[in-house]
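A closer look at the structure
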Amino acid sequence: MSLQTLSEWLRCPICFGPLAPGGALVLRCATGHAYDANKRGYVSLAGGSRRLIGDSAAMLDARDAFLSAGWYEPLRDSIAALVAQEDPLAVLDVGCGTGYYLRGVLATLDSARTLGMDLSPVAVARTVAGDIRIDGLVADVWAPLPVRDGVVDVILNVFAPRNPAEFHRVLRPGGLLVVVVPQETHLQELRAAGLALGVQANKSDELVASLDANFVLESRRISSELLTLDASQVTRLVGMGPSAHHTDAATLAQEPHADRPVTVAVELLGFRRRG
Ligand SMILES: C[S@@+](CC[C@H](N)C(=O)[O-])C[C@H]1O[C@@H](n2cnc3c(N)ncnc32)[C@H](O)[C@@H]1O
Ligand SMILES: [Zn+2]
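Below or above, wherever it landed, is the structure these notes cover. Remember, it's a predicted structure, so these values are computed and weren't measured experimentally.

Conventions used here
Residues numbered from 1 in each chain as written. Chains lettered and ligands numbered in written order. Predicted model: local features only at pLDDT ≥ 70, side-chain atom pairs only at ≥ 80, totals over all residues. Heavy atoms only, no water. Phe/Tyr/Trp six-rings, centres within 6.5 Å; stacked < 30°, edge-to-face > 60°. Helix = DSSP H or I, 4+ residues; strand = E, 2+ residues; numbered from the N terminus. Buried < 20%, exposed > 50% of the residue type's maximum accessible area, 1.4 Å probe, protein only. Near = heavy atom within 4 Å. Polar contact = N/O pair within 3.5 Å; in protein donor to acceptor, adjacent residues only side chain to side chain. Areas by Shrake-Rupley, 256 points an atom, 1.4 Å probe, with all protein chains shown as cover. Nonpolar A, V, L, I, M, F, W, Y, C, P; charged D, E, K, R; others polar. Donors = N, O, S within 2.8 Å, 3.2 Å for Na, K, Ca; no water. Axes fitted to C-alpha atoms, helices over the stretch in contact; angles between N-to-C directions. Parallel < 35°, antiparallel > 145°, perpendicular 65-115°, else oblique. Left-handed = near helix turned anticlockwise from the far one by under 90°. Contact = heavy atoms within 4.5 Å. Core = buried A, V, L, I, M, F, W, Y, C linked by side-chain atoms within 4.5 Å. Expected span 1.5 Å × (residues − 1). Arc of directions from axis to C-beta. Pairing = 2+ DSSP bridges. Right-handed = clockwise from strand over helix to strand, strands pointing away.

In this section: the packing of aromatic side chains. Applying the stated criterion across every chain, the model contains 4 aromatic pairs. Seen in terms of ring centroids, Phe66 and Trp71 are 6.2 Å apart; in terms of plane orientation they differ by 20 degrees. Their pairing is stacked. Consider the rings of Tyr72 and Phe159, whose centres lie 6.3 Å apart with planes at 45 degrees: the pair is tilted. Taken together, the residues Tyr72 in the loop between helix 2 (57-68) and helix 3 (73-84) and Phe159 in the loop between strand 8 (152-158) and helix 6 (164-170) connect sequence positions 87 residues apart. You can call Tyr72 buried: its relative accessible area is 4%.

Written out as C-alpha cells, the structure reads:
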C-alpha cells in the first residue's frame, strides 16, 4: 500500500469527509480528524464503545495452515473466476481473514487494487503483507463503513458478516457483491462428533431475503465435497472457525488419529447492486 492509495478508499468515521495523507503515516479529513496508519500497511478506523472481537492469532494460524494445504482451492478458484468476469479495478474483501481469497482474486487481475477489511488487526496485517496492491482497513462491518460512496466495483464476503445497506452505498452502480455461505450439511460429521457448531437451515434463502432491498440475485452455485482429513487437519479446520470459541482442548485431544470424512458444502452467490 501507499498512504495515497489507502486514503483513496476511505472517509472519516466521525464526519464522513474524505481522508487524505496528512503527514508521515497520518490520514486526515478536512475537519482535522487524524488517524495513524500502521507502517505495515493498514489503518484502524474501528472506533466506538462496543466490545469488538475479531479472529485471534491462533484462529488465523489454524486458517492459514488449513487453507495453504489447498483444501478450499476449488472455492477460491470459483470466486476468482466470478470476479474476473467483472474485470474490476477496485475490490473490497469484507471479513478478509488471512487474505487467502483476496490473493486468489488478485492473481487473475492485471490492474486491480484491493482493500482487505476485518475487525481483527492481526488478520488485516496478514492480508496486506507482501503485496503492494492490497491496502488494509481494521473496521467493524456493523458500523457505518469508513469507505467512500461508490468506490468499489466488487465486494467479497466469504464466511463473514454482512451489512447490506453499507455494501450498497460503497459499491458503484451496477457493482457485484460475491457472498459465500455454508450449507446445512457443511462439516456435518464434525458436528455429529461435537466438534463444530450447527449451520442454520436455509441460510442462503435468508441471505437472499436479507439482501433483497439492495441487491438482485444474479447467480448461485452450490458445491459439496467429501474431504478425507487426518487429525491435525481436523484440528485446524475446527480451530479456524466459529467453533474454535466453543470447542475445548480436551474434546479436540480425543480426536481419533485415523482419517475422517468431512463434508464441505458451500454456496457461492453473486448479487448485482440495485439502482
Ligand atoms: C470465518 S472468518 C472468514 C475469513 C475469510 N473470509 C476466509 O474465509 O478465510 C470471519 C472473519 O470475519 C471477521 N469479523 C468478525 N466480525 C466482524 C465484524 N464485526 N466486522 C468485520 N469483520 C469481522 C473475523 O475477524 C474473521 O476474520
Ligand atoms: Zn472528520
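Back to the text.
Moving on: the site of ligand 1. Around ligand 1 sit 19 residues, and of these Asp55, Arg63, Gly95, Asp118 and Asp140 come closest. Take Leu119: an N or O atom from its main chain is 3.2 Å from a nitrogen atom of ligand 1. Surface burial for ligand 1 is 91%, taken as the share of its 590 Å² of free accessible area covered by protein chains. Residues that form the shell around ligand 1 fall into these classes: 11 nonpolar, 4 polar and 4 charged.

Quick look at the coordination of the zinc ion (ligand 2) now. Coordination of the zinc ion (ligand 2) by the protein involves Cys12 (SG), Cys15 (SG), Cys29 (SG) and His33 (ND1), with metal-donor separations of 2.1 to 2.4 Å. As a motif over one chain, the donors of the zinc ion (ligand 2) read C-x2-C-x13-C-x3-H. Of the two residues, Cys15 is situated in the loop between helix 1 (3-9) and strand 1 (20-21) and His33 in the loop between strand 2 (26-28) and strand 3 (34-38); the sequence distance between them amounts to 18 residues. His33 gets classed as partly exposed once you look at its relative accessible area, which sits at 23%.

Looking now at the packing of helix 2 against helix 9 (residues 231-239). Two elements in contact, helix 2 and helix 9, have axes separated by 8 Å at closest approach and are oriented at 130 degrees. Comparing their axes, helix 9 and helix 2 come out oblique. Remark: the crossing between helix 2 and helix 9 carries left-handed chirality. Every residue of helix 9 that contacts helix 2 at Met59, Ala62, Ala65 and Phe66 is listed here: Gln233, Arg236, Leu237 and Gly239. Each residue belonging to the contact of helix 2 with helix 9 can be placed in one class, and the counts come to 5 nonpolar, 2 polar and 1 charged.

Another point: the nonpolar core. Formed by 42 residues in total, the largest nonpolar core has its most connected members in Tyr72, Ile79, Val83, Val178, Leu190 and Leu237. Looking at which element gives the most residues to this core, the answer is helix 4 (residues 100-106), with 5 residues. In contact with Leu190, not counting residues within four places along its chain, are Leu195, Ala196, Val234, Leu237, Val238, Arg260 and Val262. Leu27, Leu137, Ala139 and Val141 belong to the second-largest nonpolar core, a separate cluster that totals 35 residues.

In this model, helix 2 (12 residues) spans 16 Å end to end at C-alpha, consistent with the 16 Å of a helix rising 1.5 Å per residue. Along helix 2, the residues that are buried comprise Met59, Leu60, Ala62, Arg63, Phe66 and Leu67. Buried positions in helix 2, seen along its axis, are confined to an arc of 160 degrees and lie on one side of it. Opposite the buried face of helix 2, at more than 90 degrees from it, the exposed residues are Ala58 and Ser68.

Time to look at the pairing of strand 7 (residues 134-138). Taken across its 5 residues, strand 7 has 5 buried, putting it largely inside the fold. Burial of strand 7 is two-sided: the residues Ile134, Gly136 and Val138 facing one way and the residues Asp135 and Leu137 facing the other way are all buried. Inspection of the sheet shows strand 4 (residues 42-44) paired to strand 7 by 3 bridges, in the parallel sense. Residue pairing across strands places Val43 opposite Leu137, the latter belonging to strand 7. Looking at chain direction, strand 6 (residues 113-118) and strand 7 are connected through 5 bridges and run parallel. If you follow Thr114 over to strand 7, its bridge partner there is Ile134. Note on the crossover from strand 6 through helix 5 (residues 121-128) to strand 7: the handedness is right-handed.

A word on the environment of Leu217. Residue placement: Leu217 occurs in strand 10 (residues 215-229). Residue Leu217 is classed as partly exposed on the basis of its relative accessible area, which comes to 30%. In this structure Leu217 touches Val208, Leu269, Gly270 and Phe271, once residues within four positions along its chain are discounted.

Functional significance is not addressed by these values, which are geometric in nature.
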